[in-house]
Amino acid sequence: MDHLTTARMLMAFSLGFHIIFASISMVMPFLMAWAYHRYLKTGDELDMKLCKAWMKGSAILFATGAVSGTTLSFQLGLLWPTFMEHAGPIFGMPFSLEGAAFFLEAIFLGLFLYGWGRLKPKTHLLCGIMVGVCGLASGILVVAANGWMNAPTGFDWVNGQAENIHPWKAMFNPAWPMQAIHMLVAAFQATTMAAIGLHAFGLLKGHNAPFHRRALLYLAPVFVGASLIQPMMGDLSAKAVAHRQPEKLAAMEAHFETEAWAPLLIGGIPNEETGEVSFGIKIPGGLSFLAFGNPSKEVTGLNAFPEEERPPVLIPHLAFQTMVGLGMLMVLLSGFWIWSAWKKVDLLENRRWLWTQVALFPIGFIALEAGWIVTEVGRQPWIIYRVMRTADAVTPVPGLGWSLLMIVLLYSTLGFISFSLLWKLFQKESHPETTS
Amino acid sequence: MIVTSTFIFLVVALAAYVLFGGADFGGGLLEASLPGKPELQKKLQHTLAPVWEANHVWLIAVVVILFVGFPKAYAGISTLLFFPVSLGLLGIILRGSFFTFRKYDPDPQPRMGLYSLLFRVSSALTPSCFGFIIAGLLHEFPRLDPEMPPSFPELYLLPWFNPMGLFCAIFINALFGYLASVFFWGELDSVEEKDLIRKRILLFFLASFVSGALVLLCGWLGHLVSAERVRSLVQLEVQVLAFGGIIWMYLALRNGKRWQARFAAGMQTLAILVGWVNVMVPNVLRYQDGMHLSLQDAASPRITLIWLNIGLCIVLSLVLPLLILLYRVFNHPTNQA
């Protein structure tokens with residue numbers, strides 16, 4: 001593996017690891033607070049038990065998210081010093097605010113996790129809600145920085161230097177809103193889908209059925225809401241990409257030739273050398289319609305761009321197909337949840353349905369990771385779109401392979417321990433005799 | 001002016017990290033220095049638990065101010081001190097993770113030894129790396145000349161992996177252990193436990209004193225610090241504060257005044273930090289060709305610095321009251337987690 005690829009793999013692995021924990025940190029506080037709110041309102045001990053079980057599980061994941069997030073803020077400089085040297089003054093604003101949100105999140109988290117019996121219940125509840133609010137703010141702000149890399153604004157690039165810098169213009173770059181909403185909804189989808197799978201398993205095992213039923217009662221509506229909103233967000237995101245980064249759209253869709261009535265490709269294995277696609281199904285005019293709302297509109301193909309400015313095709317295409325496919329599967333699952341509520345059918349009594357939820361528990365996170373692969377690989381060869389190449393930003397320090405090996409081993413071990421502890425906690429907390 | 005105020009914010013964030021994060025790191029070393037005292041170790045863990053994450057977010061503040069306010073310094077440090085920074089991160093990841101695993105494992109006993117070992121080793125690893133980074137920043141680096149490139153060790157290892165780096169690493173660990181002991185002493189009620197921790201305070205103080213003296217000796221022998229700076233008024237003042245703090249500490253410990261002891265340790269630590277900053281500025285990175293990277297050269301354009309300063313004022317006004325609330329809620333043994 002060459003130096004640049006090693007650096008990219010290192011960054012990808014670190015980001016891919018962190019994003020799981022960051023997403024859970026954004027979503028779980030709201031669910032914990034909701035359960036706590038219900039307890040304060042009704043006095044139902046089951047809600048309190050649920051809140052504490054979620055809280056303890058999340059505490060492990062929060063810590064792993066916090067340390068991997070801290071590491072990322074350094075890795076940007078360690079791996080891409082030239083990028084940070086030039087980009088720091090431009091897109092520093094969202095990073096500074098993200099740091100502040102992270103700080104507040106850590107404070108509220110300390111108060112929520114250890115504030116039982118020391119804070120008034122309403123103050124305590126507010127702290128729980130604020131953990132979620134700050135987590136969301138943190139996520140939104142960090143996506144602003146990534147949005148800027150896709151749609152760099154707020155400066156003039158003159159002779160390899162940034163001039164006329166406007167930090168706010170950079171922060172409010174046009175890619176930010178859609179990317180942020182798409183990501184947030186995905187975090188809710190992924191986290192609730194995984195939690196549904198976990199509680200469905202608990203229900204199947206027959207331990208403390210009321211506990212798991214209550215959990216699923218809270219999780220399912222959030223999952224359904226997020227899964228139904230997401231296709232609209234995805235569609236708007238794709239339209240935005242079509243306007244701003246046509247080569248990324250072309251890579252996502254393995255669209256090589258510029259043409260009107262551009263077909264939508266479902267599946268398929270693209271060959272970057274020959275520009276041909278095997279095994280795909282093409283829907284005529286589909287891509288033109290999705291990108292521009294008009295089936296006869298011309299869509300620019302990859303061959304219209306200089307070879308050295310084209311992104312890789314195979315990885316973004318497969319990742320995009322995975323994301324869309326799993327997104328559609330989640331819409332289908334949501335349809336079943338809605339149907340059951342409408343027809344008053346108790347899906348939680350259906351073991352086949354519960355096993356399906358268990359089997360599909362990681363699909364939200366797989367879709368989320370696939371989405372980030374599309375965003376990042378689809379922007380290549382640029383680290384700042386059409387301004388700075390990734391190859392020009394990489395560190396000159398040799399021996400990155402060792403860092404990659406270290407991070408892979410470390411994060412794999414931590415991930416394994418985190419989730420096995422979560423599993424043990426889950427078994428203990430969901431046992432009917434466990435007292436809160 | 002705006003560069004100076006940004007630099008002051010950077011030093012304030014660094015000071016907060018050294019005090020709060022430092023006491024937190026020192027907790028690992030203190031825990032290791034209490035073998036056969038599981039009850040006391042447990043109390044120490046409970047004292048750290050609610051605040052450890054907030055203590056370490058100061059590091060994020062430092063790094064954000066550095067890359068937004070002084071991006072060339074951030075890029076230079078990240079490249080030239082790649083290895084100690086990377087190893088320090090390894091320590092941060094291991095420490096936070098294993099502290100939490102130990103706390104939330106529903107059946108920790110079979111793995112307690114491993115959790116504690118990794119927590120304690122990583123608690124010493126990161127401060128050691130801070131020591132190496134400090135030594136590296138005082139060193140003069142060769143230039144990355146494409147025609148006559150310096151060797152790998154010359155550029156990436158020797159500037160920090162040297163006797164001065166080793167003594168700095170020991171010094172930072174001892175200082176953090178000292179901070180943790182002073183803080184923990186104030187959390188205890190039992191006379192016997194207080195006596196034991198008082199001995200640790202003395203131990204860590206002596207270790208800091210000896211290693212600190214060796215650092216100064218290395219700096220002097222290696223001509224890393226200019227004689228003019230060493231003789232400056234600021235340096236004289238910080239030395240008076242650092243040494244004067246010992247008397248204050250002694251009186252506070254004798255009279256059982258926990259807040260006075262903490263302020264004395266804080267004052268000594270801040271004096272050391274200011275002393276280091278005083279010998280560093282106006283340069284942040286030094287090169288063998290004499291073309292050092294100064295704060296002014298490393299700073300972002302004015303517009304970025306103005307907004308960064310405004311943002312930091314707003315953030316601090318939000319964060320500080322909440323931090324005070326956090327510490328107040330958990331500031332006594334009866335209120336520990």
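This text goes with the structure placed above it.
A brief report on the enclosed structure follows.

What counts as what
Residues numbered from 1 in each chain as written. Chains lettered and ligands numbered in written order. Predicted model: local features only at pLDDT ≥ 70, side-chain atom pairs only at ≥ 80, totals over all residues. Heavy atoms only, no water. Helix = DSSP H or I, 4+ residues; strand = E, 2+ residues; numbered from the N terminus. Rg over C-alpha atoms; globule rule 2.2 N^0.38 Å. Buried < 20%, exposed > 50% of the residue type's maximum accessible area, 1.4 Å probe, protein only. Areas by Shrake-Rupley, 256 points an atom, 1.4 Å probe, with all protein chains shown as cover. Contact = heavy atoms within 4.5 Å. Lys, Arg positive; Asp, Glu negative; His and termini not counted. Charge placed at Lys NZ, Arg CZ, Asp CG, Glu CD. Core = buried A, V, L, I, M, F, W, Y, C linked by side-chain atoms within 4.5 Å. Buried area = accessible area lost by both parts, 1.4 Å probe. Salt bridge = Lys/Arg side-chain N within 4 Å of Asp/Glu carboxyl O. Polar contact = N/O pair within 3.5 Å; in protein donor to acceptor, adjacent residues only side chain to side chain. Nonpolar A, V, L, I, M, F, W, Y, C, P; charged D, E, K, R; others polar. Pairing = 2+ DSSP bridges. Patch = residues over 30% accessible without salt bridge, like charges linked within 9 Å, V, L, I, M, F, W, Y side chains within 5 Å. Expected span 1.5 Å × (residues − 1). Phe/Tyr/Trp six-rings, centres within 6.5 Å; stacked < 30°, edge-to-face > 60°. Lys NZ or Arg CZ within 6 Å of the ring centre and 35° of its normal.

1. Concerning the overall build of chain A
Thinking step 1. Of the regular secondary structure elements, chain A holds 14 helices and eight strands.
Thinking step 2. Against the globule reference of 22 Å for 436 residues, chain A gives a C-alpha radius of gyration of 23 Å, in line with a compact fold.
Thinking step 3. Taken along its principal axes, the extent of the C-alpha atoms in chain A is 65 × 45 × 40 Å.
Thinking step 4. Going through the 436 residues of chain A one by one, you find that 59% of them count as buried.
Thinking step 5. Total accessible area computed for chain A in this model is approximately 17,500 Å², and 66% of it derives from carbon and sulfur atoms.

2. Observations regarding the overall build of chain B
Thinking step 1. Looking only at helices and strands, chain B features 14 helices and three strands.
Thinking step 2. Computed over the C-alpha atoms, the radius of gyration of chain B is 20 Å, within 12% of the 20 Å expected from 2.2 N^0.38 for a compact globule of 337 residues.
Thinking step 3. With the principal axes as the frame, chain B shows a C-alpha extent of 65 × 40 × 40 Å.
Thinking step 4. Across the 337 residues that make up chain B, the buried fraction comes to 58%.
Thinking step 5. The contacts of chain B with a sequence gap of at least 6 include a subset with a gap of at least 24, amounting to 79%.
Thinking step 6. Summing over all exposed atoms, chain B offers an accessible surface of approximately 14,600 Å²; the carbon and sulfur share of this is 72%.
Thinking step 7. Separation between the mean location of the 23 positive side-chain charges and that of the 19 negative ones in chain B comes to 9 Å.

3. Observations concerning unusual backbone geometry
Thinking step 1. Of note, the amide linkage connecting glutamine 380 of chain A to proline 381 of chain A takes the cis form, showing an omega dihedral of 10 degrees.
Thinking step 2. Relative to the helices and strands, proline 381 of chain A resides in the loop between helix H12 (363–379) and strand E7 (382–384).
Thinking step 3. A cis amide bond links valine 281 of chain B with the next residue in sequence, proline 282 of chain B, at an omega value of 5 degrees.
Thinking step 4. Positionally, proline 282 of chain B belongs in the loop between helix H12 (258–280) and strand E2 (283–287).
Thinking step 5. Not every positive phi belongs to a glycine, and alanine 254 of chain A is a case in point at roughly 45 degrees.

4. A look at the nonpolar core
Thinking step 1. Grouped together as the largest cluster of nonpolar side chains are 241 residues, with contacts concentrated most on Trp54, Phe83 and Trp148 of chain A together with Phe70 of chain B.
Thinking step 2. With sequence-adjacent residues up to four places away left out, tryptophan 148 of chain A is seen in contact with Phe83, Ala87, Ile90, Phe91, Thr153, Phe155, Ala170, Asn173 and Ile384 of chain A.
Thinking step 3. In terms of nonpolar packing, the next biggest core, distinct from the first, is built from 14 residues, Val241, Ala242, Ala319 and Val374 of chain A among them.

5. Section: the interface of chain B and chain A
Thinking step 1. The partner chain A presents 59 residues to the 60 residues of chain B that form the contact.
Thinking step 2. Together, the buried faces of chain B and chain A total about 5,500 Å²; carbon and sulfur atoms form 81% of this surface.
Thinking step 3. Close ionic contact of lysine 424 of chain A with aspartate 105 of chain B constitutes a salt bridge, the shortest N to O distance being 3.8 Å.
Thinking step 4. If you look at where chain B meets chain A, you find three residue pairs in polar contact (both at pLDDT 80 or more).
Thinking step 5. Of all the secondary structure elements, the ones that give two or more residues to the side of chain B that touches chain A are helix H3 (52–69), helix H4 (71–80), helix H5 (82–104), helix H7 (152–157) and helix H14 (302–329) of chain B.
Thinking step 6. If one sorts the elements of the side of chain B that touches chain A by residue count, H5 of chain B sits on top with 16 residues.
Thinking step 7. Here the residues of the side of chain B that touches chain A are counted per class, giving 45 nonpolar, ten polar and five charged.

6. With respect to the sheet that holds E2 of chain B
Residue and element names in this part refer to chain B.
Thinking step 1. The sheet built from three strands is open, its strands ordered E1-E2-E3 with mixed pairing. The open sheet is flanked by strand E1 (140–141) and strand E3 (293–294), the only strands paired with a single partner.
Thinking step 2. By the bridge criterion, two bridges tie E2 to E3 in an arrangement that is antiparallel. What sits directly across from asparagine 283, in E3, is serine 294.

7. Points about the side chain of serine 128 of chain B
Residue and element names in this part refer to chain B.
Thinking step 1. Relative to the helices and strands, serine 128 is located in helix H6 (residues 112–138).
Thinking step 2. A polar atom in the side chain of serine 128 sits 2.9 Å from the side chain of asparagine 173.
Thinking step 3. Discounting chain neighbours no more than four positions away, the residues touching serine 128 are Ala169 and Asn173.

8. A look at the pattern of salt bridges
Thinking step 1. Scanning all chains against the criterion turns up 17 salt bridges over all chains.
Thinking step 2. Put simply, arginine 111 of chain B and aspartate 105 of chain B hold a salt bridge, and the shortest N to O gap is 3.0 Å.
Thinking step 3. Residue classification places aspartate 105 of chain B among the buried residues on the basis of a relative accessible area of 4%.
Thinking step 4. Taking the shortest distance from any N to any O, the salt bridge between aspartate 195 of chain B and arginine 198 of chain B comes out at 2.3 Å. In this pair, aspartate 195 of chain B and arginine 198 of chain B both sit in helix H9 (residues 191–221), three residues apart, roughly one turn of the helix.
Thinking step 5. Judged by relative accessible area, which is 29%, arginine 198 of chain B ranks as partly exposed.
Thinking step 6. Put simply, Asp44, Asp47 and Arg214 of chain A are held in one network by salt bridges that share partners.

9. So, a negative patch on the surface
Thinking step 1. A contiguous patch of negative charge on the surface is contributed by Glu272, Glu273, Glu307 and Glu308 of chain A.
Thinking step 2. Tracing the backbone shows glutamate 307 of chain A in the loop between helix H9 (286–292) and helix H10 (314–343).

10. Some points on H10 of chain A
Thinking step 1. For H10 of chain A, with 30 residues, the first-to-last C-alpha span of 43 Å sits near the 44 Å given by 1.5 Å per residue.
Thinking step 2. One or two positions beyond H10 of chain A, positive phi appears at lysine 344 of chain A, with a value near 55 degrees.

11. Observations concerning a nonpolar patch on the surface
All names here are of chain A.
Thinking step 1. On the surface, a nonpolar cluster with roughly 570 Å² of combined accessible area is contributed by Ile269, Phe279, Leu314, Ile315, Leu318 and Ile373.
Thinking step 2. Looking at which element gives the most residues to the nonpolar patch, the answer is H10, with three residues.
Thinking step 3. Among the secondary structure elements, leucine 314 is positioned in helix H10.

12. Some remarks on the packing of aromatic side chains
Thinking step 1. Inspection of the entire model under this criterion finds 46 aromatic pairs over all chains.
Thinking step 2. On the numbers, 5.0 Å between centres and 80 degrees between planes, the contact of phenylalanine 91 of chain A with phenylalanine 95 of chain A is edge-to-face. With phenylalanine 91 of chain A and phenylalanine 95 of chain A both in helix H3 (residues 81–114) and four residues apart, the pair spans about one turn of that helix. For the pair phenylalanine 91 of chain A and phenylalanine 95 of chain A, one class covers both residues: buried.
Thinking step 3. When the centroid spacing of 5.2 Å and the interplanar angle of 75 degrees are considered together, the rings of phenylalanine 82 of chain B and phenylalanine 83 of chain B count as edge-to-face.
Thinking step 4. Taken together through their ring pairs, the aromatic side chains of Phe83, Phe91, Phe95, Trp148, Phe155 and Trp157 of chain A together with Phe67 and Tyr74 of chain B make up a single cluster.
Thinking step 5. The residue whose ring lies beneath lysine 297 of chain A is phenylalanine 292 of chain A, and the NZ or CZ to ring-centre distance is 5.9 Å.

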